[in-house]
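Single-letter residue listing:
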Amino acid sequence: MEKGLHSAAVNHFFEAVLSLENKEECYKFFEDVCTVKELSAIAQRVEVAKMLREERTYLDIAKETGASTATISRVNRSLNYGNKGLDMVLERISHTDVKDK
């Protein structure tokens, strides 16, 4: 098996995620493979990223999400120096946020 992020196991996991067809299937799958804490941490990072892109302050974000300043800083680094994956997803879900309102 390959080491690091790019591996057969990670590829298989991503294929599993890509096979999910709706939110209910996502809930079923992720509740089976993640602890509540793990899933909450990932969801929190996406919310932090959204709020950072809205130019909210670290203090606001920490109060609203419960994220530590270290987590907020880590997400901010990812937004500024990462692979732009968070920005790509935030752009895509911004359209669904409008539809959900």
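This section reports on the structure supplied with the text. Numbers given to residues run from 1 along each chain, matching the order in which its sequence is written. In keeping with the predicted nature of the model, local features appear solely for residues at pLDDT of at least 70, side-chain atom pairs appear and are counted solely at 80 or more, and the whole-chain, interface and lining totals rest on all residues. Hydrogen atoms and water are omitted, and side-chain values are computed over all heavy atoms in the structure.

## A few points about the overall build of the protein chain
And step 1. When you go through the protein chain residue by residue, the secondary structure sums to 6 helices and 0 strands.
And step 2. Numbering of helices and strands runs from the N terminus; a helix is a DSSP stretch of H or I covering at least four residues, while a strand is a stretch of E covering at least two. Overall, the protein chain shows an N-to-C arrangement of helices and strands of α-α-α-α-α-α.
And step 3. Dimensions of the protein chain along its principal axes, counting C-alpha atoms only, are 40 × 35 × 25 Å.
And step 4. Burial classes: relative accessible area under 20% of the type maximum marks a residue as buried, over 50% as exposed, and values in between as partly exposed (1.4 Å probe, protein chains only). Taking all 101 residues of the protein chain together, 15% fall into the buried category.
And step 5. Residues are treated as being in contact if the distance between any of their heavy atoms lies within 4.5 Å. For the protein chain, restricting intrachain contacts to residue pairs at least 6 apart in sequence, the fraction spanning at least 24 positions comes to 34%.
And step 6. Note that accessible areas follow from Shrake-Rupley with a 1.4 Å probe, and for residues the cover is restricted to the protein chains shown. As presented, the protein chain carries roughly 8000 Å² of accessible surface, and 56% of it is formed by carbon and sulfur atoms.
And step 7. Positive charge is attributed to Lys and Arg, negative charge to Asp and Glu, and no charge count is given to His or to the chain ends. Charge positions come from single atoms, namely NZ of Lys, CZ of Arg, CG of Asp or CD of Glu. Both charge centroids of the protein chain, one from 15 positive and one from 17 negative side chains, sit 6 Å from each other.

## Let's talk about the pattern of salt bridges
And step 1. The rule for a salt bridge is simple: a side-chain nitrogen of Lys or Arg has to be within 4 Å of a carboxyl oxygen of Asp or Glu. The full count for this structure, using the stated rule, is 5 salt bridges.
And step 2. Ionic pairing is found between Glu-54 and Lys-50, a salt bridge with its closest N-O pair at 3.1 Å.
And step 3. Of the charged contacts, one joins Arg-53 and Asp-87 as a salt bridge, the two residues approaching to 2.7 Å between their closest N and O atoms. Taken together, the positions of Arg-53 in helix H3 (residues 36-53) and Asp-87 in helix H6 (residues 85-100) put the pair 34 residues apart, joining distant regions of the chain.
And step 4. Residue Arg-53 is classed as partly exposed on the basis of its relative accessible area of 38%.
And step 5. What emerges from the salt-bridge pattern is a single network uniting Lys-50, Glu-54, Arg-56, Asp-60 and Glu-64.

## Describing the nonpolar core
And step 1. Note on terminology: a nonpolar core comprises buried Ala, Val, Leu, Ile, Met, Phe, Trp, Tyr and Cys residues joined through side-chain atoms within 4.5 Å. The biggest cluster of nonpolar side chains holds 10 residues, and these are Val-48, Ala-49, Met-51, Leu-52, Ile-61, Ala-67, Ile-72, Val-75, Leu-79 and Leu-90.
And step 2. Each residue touching Leu-79, except ones within four places of it in the same chain, is listed here: Ala-49, Leu-52, Arg-53, Lys-84, Leu-86, Asp-87 and Leu-90.

## Overview of the environment of Val-36
And step 1. Following the sequence through the fold, Val-36 ends up in helix H3.
And step 2. Taking the C-alpha atoms as reference points, Val-36 and Glu-47, 11 residues apart in sequence, are found 16 Å from one another.

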